[in-house]
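A structural walkthrough
Below are the chains, spelled out letter by letter.
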Amino acid sequence: MNLTKDVLLTLNRIKAIACSRLRTDRAWNKPTNAIFEMSSRCILKCPLCNTGGLSDRFPHVRRGDMSFETFRAGLDKLLPELGQVLLYNWGEPFLNKDLFRCIEYAHRHDVRTQMSSNMMLYTEGNGLKLLDSGLTKLIVSADGLTQESYGRYRKGGDLSKVVAAVENMVRLKRERGTGFPLIEMQFIVFRHNEREMDAYRRSWLTKGVDAVNFIRMSYMSKEGRKVADDMELAPVHPDYQPHHPYGKMNRCSELYYHVSIDYNGDWYTCCFPSGDPAYRVGNIVRDDFWSVWNGTDYRYFRRLLRTRRTVCEHRETMCHDCVGIFPENAARRYWA
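Residues numbered from 1 in each chain as written. Predicted model: local features only at pLDDT ≥ 70, side-chain atom pairs only at ≥ 80, totals over all residues. Heavy atoms only, no water.

Take the overall build of the protein chain next. Counting its regular elements, the protein chain contains 11 helices and 9 strands. On C-alpha atoms alone, the protein chain measures out to a radius of gyration of 20 Å, which is about the 20 Å that the 2.2 N^0.38 rule sets for 336 residues. Judged by the C-alpha coordinates and their principal axes, the protein chain covers about 55 × 50 × 35 Å. Taking all 336 residues of the protein chain together, the buried fraction comes to 54%. Once local pairs closer than 6 in sequence are excluded, the contacts in the protein chain between residues at least 24 apart make up 69%. About 15,100 Å² of surface is accessible on the protein chain, with carbon and sulfur atoms providing 50% of the total. Here the protein chain carries 50 positive and 40 negative side-chain charges, and the mean point of each set is 4 Å from the other. (Helix = DSSP H or I, 4+ residues; strand = E, 2+ residues; numbered from the N terminus. Rg over C-alpha atoms; globule rule 2.2 N^0.38 Å. Buried < 20%, exposed > 50% of the residue type's maximum accessible area, 1.4 Å probe, protein only. Contact = heavy atoms within 4.5 Å. Areas by Shrake-Rupley, 256 points an atom, 1.4 Å probe, with all protein chains shown as cover. Lys, Arg positive; Asp, Glu negative; His and termini not counted. Charge placed at Lys NZ, Arg CZ, Asp CG, Glu CD.)

Mapped onto the elements, Asn50 comes out in the loop between strand S1 (33–36) and helix H2 (68–78). Among the residues examined, Asn50 registers a relative accessible area of 6% and is labelled buried. Along the chain, Asn50 and Glu223 lie 173 residues apart, while their C-alpha atoms are 9.2 Å from each other.

What follows concerns the pairing of strand S4 (residues 137–141). Most of S4 is tucked away: 4 of the 5 residues are buried. Two elements, strand S3 (residues 112–117) and S4, share 4 bridges in a ladder whose sense is parallel. Directly across from Ser117, in S4, lies its bridge partner Val140. Chirality of the crossover, the property in question, places the unit of S3, helix H4 (residues 124–133) and S4 among those that are right-handed. Bridging between S4 and strand S5 (residues 182–189) involves 5 bridges; their strand directions are parallel. Within S5, the position partnered with Lys137 by the bridge is Leu182. (Pairing = 2+ DSSP bridges. Right-handed = clockwise from strand over helix to strand, strands pointing away.)

Before going further, it helps to examine the pairing of S3. S3 sits mainly inside the fold: 5 of its 6 residues count as buried. Bridge count between strand S2 (residues 84–86) and S3: 3 bridges; the pairing is parallel. Each residue of the ladder has a partner; that of Leu86, found in S3, is Gln114. On the question of chirality, the crossover connecting S2 to the parallel S3 by way of helix H3 (residues 99–108) is right-handed.

With 96 residues, the main nonpolar core has Phe36, Phe71, Met185 and Trp267 as its most contacted residues. In terms of residue count, helix H6 (residues 159–176) provides more of this core than any other element does, 7 residues in total. Every residue in contact with Phe71, bar those within four places of it in the chain, is listed here: Phe36, Met38, Met66, Leu87, Cys102, Tyr105 and Ala106. (Core = buried A, V, L, I, M, F, W, Y, C linked by side-chain atoms within 4.5 Å.)

Across all of its chains, the model carries 16 aromatic pairs by this definition. Seen in terms of ring centroids, Trp267 and Phe289 are 5.6 Å apart; in terms of plane orientation they differ by 20 degrees. Their pairing is stacked. Within this pair, whereas Trp267 is found in strand S8 (residues 266–268), its partner Phe289 is found in helix H10 (residues 289–293), the two being separated by 22 residues in sequence. Phe289 sits in the buried class, given a relative accessible area of 4%. Taken together, the ring pairs in this structure connect Trp267, Phe289, Trp290, Trp293, Tyr298, Tyr300 and Phe301 into an aromatic cluster. Directly above the aromatic system of Trp204 lies the positively charged group of Lys207, at a separation of 5.8 Å from the ring centroid. Taking NZ or CZ as reference, Arg302 lies 4.7 Å from the ring centre of Trp293, over its face. (Phe/Tyr/Trp six-rings, centres within 6.5 Å; stacked < 30°, edge-to-face > 60°. Lys NZ or Arg CZ within 6 Å of the ring centre and 35° of its normal.)

Let us look at the side chain of Ser260. Within the fold, Ser260 resides in strand S7 (residues 258–261). On the accessibility criterion, Ser260 (0% relative accessible area) is buried. The contacts of Ser260, once residues within four sequence positions are left out, are Ile35, Asn89, Asp266, Trp267, Tyr268, Cys270, Cys271 and Ser274.

So, about the sheet that holds S7. Taken in spatial order, the 9 strands make up an open sheet running S6-S5-S4-S3-S2-S1-S7-S8-S9, and their pairing is mixed. Bordering the open sheet on either side are strand S6 (211–216) and strand S9 (282–283), each of which pairs with just one other strand.

Let's shift gears to the pattern of salt bridges. Summed over all chains, the structure comprises 16 salt bridges. Residues Arg306 and Asp25 are paired through a salt bridge, measuring 2.6 Å at the closest nitrogen-oxygen approach. Placement of Arg306 in helix H11 (residues 296–307) and of Asp25 in the loop between helix H1 (3–22) and S1 is noted, with a sequence separation of 281 residues between them. Arg176 serves as the salt-bridge partner of Asp132, at 3.0 Å between the closest nitrogen and oxygen. Here Asp132 is found in helix H4, whereas its partner Arg176 is found in helix H6, with 44 residues between them in sequence. Within the structure, one salt-bridge network assembled from shared partners comprises Asp25, Arg303 and Arg306. (Salt bridge = Lys/Arg side-chain N within 4 Å of Asp/Glu carboxyl O.)

Quick look at the structure:
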């Protein structure tokens, strides 16, 4: 990273911290990080996922892949202050034929890149392209040591393919003599796999991955909570109890640090629920950045998080569903 870029990132982050702490209606910084949904499609049918097993419950959410032109146009509006871009939200990035061009473009502009994959579409050719394009971090979703435990949630997935893909990626990195992309195995803790956690960590670290991360399951939606209860997915482990997708926060910095961009350029304030047109605030390609970032909606959303007072004639926002931010007696609870 060159000195000029480093200085811009630092100054932008200082402004973001100041605006977030002061809870200003306007943000004088640009986002420090962003989600760009490479594909809002997936080949698996994970039971709690709105793109997978629950996709038929959300017929109003359009599905597609982000074009390189959309990615470039959107990223350009966030440069040079953007530090990191996540190339996934609810879908599988490998479904996007322009994925590697997008990674390379971000890398060329000193933006860190991270993607998450179920690895069902991985090939050695794709692995070489990830190395050549400059991906910073690869998260691999695999929640079990055996096909039985893994397949209970990753419907349609094949654990042997995941193992072969990760081992191949580790080998390619060693042959190139590079530390990137960092490879992190991600394990959602459920009742049926929680006893495998220690063995899972040992097994994957022995295979040469960089990190293993255990995360709590999220209900994702009210429909997801019913499915989770019916399948008895909630673990016993006290540290990994399920949570509402928005957590229980007293403050939120997303409206100062982050933007979420759907495959078609549609702009959302956070990752829940990207693709739902009811919560769209603009389009990163067609709209002027500052007119949206500090427009009427964003100013209202930031004020809402500060005052916890709604304006009846104003539009709904995902913030109304946040169990910590918004008063319980007024929340609409679309997703709880």
